[in-house]
Structure formats: C-alpha cells, structure tokens
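Each chain is listed here by its residues.
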Amino acid sequence: MDVFDIIGPIMVGPSSSHTAGAARIGKIARNLLGEEPVEAIIELHGSFAQTYKGHGTDRAIIGGLLGFEPDDLRIRDSLDIASQKGLGYSIRKVSLKDAHPNTARISIRDDSGKVVVVTASSVGGGNVVVKDINGLEVDFTGRSHTIVIPHRDAPGVVAAVTGLLSSNQINIGEMKVYRKRRGGDAIMVIEVDQEIDQNTADKLSELSFINQVTILQPL
Amino acid sequence: MLRYDSIEELVQAAEKRRANISDIVLEDQAQEMGRSVDDIYEQMEANAKVMEESIAGALQPNIKSASGLSGGDAYKLYKAIEQGKSLGGTLMDKVLVKALAIAESNACMGRIVAAPTAGSCGILPAVLLSCKEEKSIPQTKMVKSLFTAAAIGMVIAKRASISGAEGGCQAECGSAAAMAAAALVEMLGGSPRMASHACAIALKSVLGLVCDPVAGLVEIPCIKRNAMGASNAIVAAQLAMAGIESLIPVDEVIDAMKEVGDLLVPSLRETGEGGLAATPTARELARKIFGAYDKK
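Position numbers for residues count from 1 along each chain, tracking the sequence in the order it is written. Labels are handed out in written order, letters beginning with A for the chains and numbers beginning with 1 for the ligands. Local features in a predicted model are, by the rule used here, given only for residues with pLDDT of at least 70; side-chain atom pairs are given and counted only at 80 or more, and totals for whole chains, interfaces and linings are based on all residues. Where side-chain values are given, they derive from all heavy atoms of the structure, hydrogens and water being excluded.

1. Concerning the pattern of salt bridges
Residue and element names in this part refer to chain B. Rules: The working definition used for a salt bridge is a side-chain nitrogen of Lys or Arg within 4 Å of a carboxyl oxygen of Asp or Glu. Note on conventions: DSSP H or I runs of at least 4 residues are helices, E runs of at least 2 residues are strands, and numbering of each starts at the N terminus. Relative accessibility thresholds used throughout: buried, under 20% of the residue-type maximum; exposed, over 50%; partly exposed, between the two (1.4 Å probe, protein chains only).
Enumeration according to the criterion identifies 24 salt bridges over all chains in this entry. Put simply, Arg159 and Asp255 hold a salt bridge, and the shortest N to O gap is 2.8 Å. Here Arg159, found in helix α7 (residues 139-159), pairs with Asp255, found in helix α12 (residues 250-263); they are 96 residues apart in sequence, far enough to count as distant. When its relative accessible area of 31% is taken as the criterion, Asp255 is described as partly exposed. Through salt bridges with shared partners, one network takes in Lys94, Lys98, Glu133 and Glu134.

Structure follows, in structure tokens:
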C-alpha cells in the first residue's frame with residue numbers, strides 16, 4: 001500500500017469497485033484478446049448483478065472493452081460508442097459458484113472469430129483479481145507489469161521463457177503456471193519489475209509451444 | 001522506513017526531525033516506490049488538479065445521476081448562499097458547496113479522485129481547497145498536506161478499514177474527515193501532535209456510523225454525509241488548533257473504530273439492506289429505479 005492507494009485512483013464515479021474496477025476488468029479482457037472486440041457477452045454475478053445499472057458497471061466494463069481507462073469520461077457514453085464502433089454486447093445476470101460478490105465473466109470475440117473468456121473480481125478500491133482465463137484458473141491483480149502466456153504444457157517451456165527474460169535483464173517478481181492436465185493447455189502468468197518492450201514480446205511469442213503473449217501494463 | 005501502523009509513529013518521526021508529517025511521508029514514499037520526491041509530488045499535484053476540476057461538473061442545476069436519485073443540490077446550496085442565506089460564514093459556505101458538488105459529480109459519473117474512497121471523495125478536497133482559498137495558502141502547501149492525509153489513511157486502513165463494506169460509513173466518511181482534519185491542521189501551521197488530535201476528534205465523532213445506501217447506490221445518504229464529514233473535519237481542526245486534545249490517543253480511537261466496525265451486522269455494512277436502505281421509502285425508490293430502468 002502506498003499514498004496513491006489512499007488518495008486515488010482518479011476515476012469516473014460513482015464506485016471504485018463497481019465502476020473503476022469494472023472498467024479495469026474490461027480493459028484486461030480487451031488486452032487478452034489483443035484485437036478489437038466485435039461481440040461481448042458480459043455476465044454479472046452478486047452485487048455486480050444487483051446494482052450494475054445504478055453504478056454504471058455495464059458502461060464501465062464496455063468502456064474497458066473499448067480500451068478506455070477508468071478515468072475516461074467516455075465511459076458515461078460507452079454503450080452508444082460501442083454501437084457506433086460495431087461492438088455488439090449482451091448483459092446477463094448469473095450466479096457463479098464460489099465467486100466474490102463483484103465478479104464478471106466476459107466472453108469477447110474479434111472479427112476473425114478468436115474468443116477469450118475472462119472471469120475477474122473487483123475486490124475494492126478499484127483493484128481487481130483475474131480468476132480465470134479460457135477455463136484455466138489463474139490468480140493475478142495486474143498491478144505490476146504482467147505477461148500472460150497461454151502455452152502447451154511441455155518440458156522446457158518455462159525455462160525458455162524465463163531464460164529469455166533474464167537475458168533481457170527483466171526481473172521476475174512473481175510467477176505462476178497453471179495447467180488443466182499434463183501435456184494439455186496451460187498458462188503462465190509472470191509479474192515483472194521492468195516494462196516489456198515489443199521486441200521481447202515478439203521473441204517470447206516465437207518460442208515453441210507458445211500460443212500467444214499478452215503484455216498487461218500496470219493498472 | 002515508516003511502517004504506517006500507528007499515527008504515533010508518524011508524529012514522533014516528524015517531531016524528531018522538527019518537520020511536518022508530510023515531509024517525512026514524502027521522503028519515505030519516494031524511497032519505498034523507487035521514485036524521486038519531485039515525481040511523486042507531481043503525481044499528487046495531478047490528483048489535486050482533478051479534485052479542483054471535479055467541482056465544476058456538478059455546480060449546475062440540471063445534472064442527474066443514472067438512477068435519478070441525485071443531482072442539483074450543490075447548485076441549490078450555491079444559489080441560496082449567493083442570495084445571502086449563509087449560516088456558517090464564507091469558509092463553511094465554500095466547504096459545504098464543494099463537498100456536495102464533488103460527491104454529486106461522483107454520483108453522476110464525473111471524474112473524481114477517490115480519497116480514500118469514491119463514496120467519500122468530497123470531504124478532503126472540499127476542506128483543503130476551501131481553506132486554501134480562504135486563507136490564501138500556497139498550492140505547494142496544500143499538495144504536501146495531501147501526503148499527511150494519505151499517511152493517516154494508510155494507518156487507518158492498516159489498523160481498521162477504509163471500506164464501508166467492512167467497517168460501515170465511519171470507515172469511509174469518518175476516515176476521510178479524520179484525514180482532512182489532520183491535513184488541515186498541518187496546512188494551517190499546526191504541529192504534528194495537533195494534527196493527530198484533530199484526526200482523533202474527527203473520528204470519535206462518527207464512531208458507529210453505518211453504511212446504509214439506498215438501493216445500494218453511492219447517493220443517499222452518501223452525498224449529504226460528505227457535507228457532514230467536511231464540516232466535521234473543520235470542527236475537529238478548529239478544536240485541535242486551539243490546543244484541545246483527545247484524551248483517548250488517536251491510535252486507540254482507530255482501534256475502537258475497528259471494534260465497532262466488526263460489531264456492525266452485515267445489513268449495516270454497504271449491503272443496502274439495513275438502516276435508511278430498509279425504510280419503506282427507500283424500498284419503494286429501489287423498486288422504481290431498477291423497475292423503471294428495466295423497461296428501457
């Protein structure tokens with residue numbers, strides 16, 4: 001915790017958890033897709049489902065999907081902007097098992113048909129925790145420079161990634177690897193101290209068994 | 001390295017250096033974040049700028065929140081004061097108008113700075129900006145006092161809570177008032193010890209305040225409680241500047257707030273199910289808002 005956790009963030013009201021955190025969740029989903037989304041299914045759970053209209057949670061998530069930061073006043077008009085930009089969306093109230101009261105599951109698709117499904121919770125003060133990406137359980141906040149790498153579970157993949165980071169003088173603060181089953185779909189989430197440049201990201205994505213590399217800037 | 005686990009620590013560290021709380025916090029935070037003092041000062045100044053800008057958005061007659069529950073009260077007060085209907089003098093006039101305006105801005109999806117939360121975002125800027133204007137205090141002094149406010153908030157967050165869902169409104173509007181009171185004392189030239197007493201006095205006055213938002217929205221009673229919280233901060237700072245002390249040490253007051261918060265039943269902690277939110281009128285409003293919105 002630092003002084004800017006208390007005085008801050010700068011945000012569009014009315015609620016840090018229901019509006020600012022929701023916008024961050026949308027932005028993370030957009031970054032994980034890596035392309036302009038053309039369709040979004042937004043499922044809201046708990047307090048998000050009950051109060052989203054009065055808190056503008058729907059507008060905030062869609063604003064995030066359009067790439068807006070939590071302090072961007074365009075969030076107010078994001079539903080109209082989505083229509084103008086050709087982003088179709090639907091909003092559903094759902095009950096997710098064992099989920100934090102402020103949780104959203106967002107499925108987005110780009111025009112090539114690529115789909116990303118992200119489940120994330122807004123845990124207070126605008127802070128979020130990503131809980132699931134495409135059916136793989138994860139657990140990260142996006143507060144640091146974060147690299148998300150869906151890959152195939154195979155010997156040497158982790159070593160290749162960390163080796164490349166180390167040779168680029170990038171220090172790993174935290175790292176977790178998740179997999180569905182041995183040799184199956186897996187995901188690496190790496191929180192690092194330095195900014196990742198495009199060149200490093202490109203090199204990472206050229207490594208074997210790696211499907212995609214997403215760099216999330218600190219929120 | 002400061003631990004931010006007691007306000008006594010901050011006061012003693014400042015006294016030892018014959019400095020203000022903000023001086024030691026600014027240095028400590030720069031080191032902690034690996035950034036320069038100038039750099040984090042500038043970030044705080046940017047926050048102060050948004051605080052100032054957030055007032056104008058709501059000072060107009062026709063603004064409305066998405067729910068339709070709020071908007072226009074800051075303007076109403078502003079007009080009344082303009083017509084000479086002032087009770088508290090020019091400082092209090094400014095404080096109340098600004099607190100309502102910023103809280104209304106928040107409710108109407110304007111851009112604000114959470115301080116410490118969005119629901120309590122009007123208190124700290126209303127107090128500091130109004131006193132800065134009234135007493136012609138330099139901008140740098142006000143920006144620096146925000147570091148004192150933040151440090152107080154960090155201690156409260158660590159020892160108790162700054163979340164209504166955890167500790168009730170005392171943890172949001174109460175913490176904001178305590179932060180504002182301490183920052184104001186420093187801005188007006190009071191000692192770090194006086195700032196800690198101001199913090200204690202402000203917090204003591206709202207122990208037990210529940211978080212009971214109508215329809216679960218950050219509007220009723222939050223907006224008016226921002227005006228109350230801001231006036232609470234002025235009162236507490238005034239008392240402390242006169243040398244009046246809180247016999248209960250500030251850290252013990254914070255611990256008491258934590259205990260009271262833990263004792264609050266869930267319906268009084270931001271669930272929108274108890275207190276004002278459970279009144280027949282509130283239930284009717286909730287039905288209307290969400291019902292009416294659905295038909296759209």
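2. Describing the environment of Val38(A)
All names here are of chain A. Rules: Contact between two residues is taken to exist if any of their heavy atoms lie within 4.5 Å; hydrogens are not considered.
Topologically, Val38 is positioned in strand β2 (residues 37-46). For Val38, a relative accessible area of 25% gives the class partly exposed. A C-alpha to C-alpha distance of 5.9 Å links Val38 and Arg109, two positions 71 residues apart in sequence. In contact with Val38, not counting residues within four places along its chain, are Gly86, Leu87, Gly88, Arg109, Asp110 and Asp111.

3. A few points about the environment of Ala23(A)
Residues and elements named next belong to chain A. In this fold, Ala23 is placed in helix α2 (residues 16-33). Note: C-alpha distance between Ala23 and Leu66 (43 residues apart in sequence) is 9.7 Å. If we skip the residues at most four places from it in the chain, Ala23 touches Ala60, Ile61, Gly64, Pro70 and Ile75.

4. A few points about the interface of chain A and chain B
Note the following rule: Buried area is a sum: the accessible area each of two parts loses on coming together, probed at 1.4 Å, counted once for each and added. Two N or O atoms form a polar contact when they lie within 3.5 Å of each other; inside protein one atom must be a possible hydrogen donor and the other a possible acceptor, and for residues adjacent in sequence the pair counts only when both atoms belong to side chains. Each residue gets one of three labels, nonpolar for Ala, Val, Leu, Ile, Met, Phe, Trp, Tyr, Cys and Pro, charged for Asp, Glu, Lys and Arg, and polar for the others, Gly among them.
Contact residues are listed per partner, giving 27 residues for chain A and 42 residues for chain B. Roughly 2,800 Å² is buried in total at the junction of chain A and chain B, and carbon and sulfur atoms are behind 67% of that figure. The interface formed by chain A and chain B contains ten residue pairs in polar contact (both at pLDDT 80 or more). Of all the secondary-structure elements, those providing two or more residues to the side of chain A that touches chain B are α1 (3-6), β1 (10-12), α2 and α3 (47-55) of chain A. Per element, the largest residue contribution to the side of chain A that touches chain B is five residues, and it comes from α3(A). Split into classes, the residues belonging to the side of chain A that touches chain B amount to twelve nonpolar, ten polar and five charged.

5. Re the sheet that holds strand β5 (residues 115-124) of chain A
Residue and element names in this part refer to chain A. Heads up, the rule is: A pair of strands is considered paired only if DSSP assigns at least 2 bridges between the two. Each axis is a line fitted through C-alpha atoms, taken for helices only over the stretch in contact, and angles between the N-to-C directions span 0 to 180 degrees.
Strand order in the open sheet made by the six strands is β3-β2-β4-β5-β6-β7, with mixed pairing throughout. Pairing within the sheet leaves two strands with one partner each, and these edge strands are β3 (88-94) and β7 (136-140). Strand-to-strand twist in this sheet, taken as the mean axis angle between neighbours without regard to direction, amounts to 20 degrees. Judged from the nine bridges that link them, β2 and strand β4 (residues 102-110) form a sheet pairing that is antiparallel. Residue pairing across strands places Glu39 opposite Arg109, the latter belonging to β4. Across the sheet, helix α4 (residues 57-65) touches β2, β3 and β4, and the angle it forms with β2 is around 145 degrees.

6. Considering the domain arrangement of chain A
All names here are of chain A. Note the threshold: Segmentation into domains, and thus their bounds, comes from an automatic or database assignment.
By the assigned domains, chain A splits into domain 1 (3-134) and domain 2 (145-216). Summarising the inter-unit geometry, the C-alpha centres of domain 1 and domain 2 are found 25 Å apart. Across the boundary between the two partners, domain 1 contributes seven residues, which contact six residues of domain 2. Regarding the contact of domain 1 and domain 2, the summed buried area is about 470 Å², with carbon and sulfur atoms giving 63% of it. For domain 1, the biggest contributors to the area lost against domain 2 are Asn31, Leu32 and Ile133; these three give 66% of the whole.

7. What about a nonpolar patch on the surface?
All names here are of chain B. To keep things clear, this is the line we draw: Distance thresholds for patches are 9 Å for like charges and 5 Å for nonpolar side chains (Val, Leu, Ile, Met, Phe, Trp, Tyr), applied to residues having over 30% relative accessible area and no salt bridge. Per-residue and other accessible areas follow the Shrake-Rupley method at a 1.4 Å probe size, with only the shown protein chains counted as cover for residues.
Together, Val235, Leu239 and Ile244 give the surface a local cluster of nonpolar side chains, amounting to about 220 Å² of exposed area. Structurally, the position occupied by Ile244 is in the loop between α11 (222-241) and α12. Residue Ile244 is classed as partly exposed on the basis of its relative accessible area, which comes to 41%.

8. What to know about unusual backbone geometry
The residue after Ala115(B), namely Pro116(B), is reached through a cis peptide bond having omega 0 degrees. In this fold, Pro116(B) is placed in the loop between β1 (111-113) and α6 (123-134). Here Ile220(B) and Pro221(B) are connected by a cis peptide whose omega angle stands at 5 degrees. The phi torsion at Asn134(A) lies on the positive side, around 50 degrees, for a residue other than glycine. Residue placement: Asn134(A) occurs in the loop between β6 (127-133) and β7. Backbone geometry at Ser136(B) places phi at a positive 50 degrees, although glycine is not the residue there. Note on placement: Ser136(B) falls in the loop between α6 and α7.

9. Side note on α3(A)
Residues and elements named next belong to chain A. Most of α3 sits inside the fold, with seven of its nine residues counted as buried. Within α3, the full set of buried residues consists of Phe48, Ala49, Thr51, Tyr52, Lys53, Gly54 and His55. Once α3 ends, the next one or two residues include Gly56, with phi positive near 70 degrees.

10. Regarding the nonpolar core
Here is the rule we go by: As used here, the term nonpolar core means buried Ala, Val, Leu, Ile, Met, Phe, Trp, Tyr and Cys residues forming a set that is joined through side-chain atoms within 4.5 Å.
Counting 97 residues, the largest nonpolar core has Ile7(A), Val25(B), Met44(B), Leu124(B), Leu128(B) and Ile156(B) as its most contacted members. Per-element accounting of this core gives the leading share, 14 residues, to helix α9 (residues 169-187) of chain B. By size, the runner-up hydrophobic cluster in this structure holds 42 residues, among which are Leu32(A), Leu44(A), Ile61(A) and Val138(A).

11. Section: the packing of α6(B) against α7(B)
Residues and elements named next belong to chain B. The condition that has to hold: Orientation is classified from the angle alone, with under 35 degrees giving roughly parallel, over 145 giving roughly antiparallel, 65 to 115 giving roughly perpendicular, and any other angle giving oblique. Take the far helix as the reference: if the near one is turned anticlockwise from it by less than a right angle, the crossing is left-handed, and if turned clockwise, right-handed.
Closest axis-to-axis distance for the α6/α7 pair is 10 Å, and the angle between their directions is 150 degrees. When the axes of α6 and α7 are compared, the pair comes out roughly antiparallel. As α6 runs across α7, the sense of the crossing is right-handed. Contacts from Leu124, Leu128, Leu129 and Lys132 of α6 reach α7 at Gln139, Met142, Ser145, Leu146 and Ala149. Here the residues of the contact of α6 with α7 are counted per class, giving six nonpolar, two polar and one charged.

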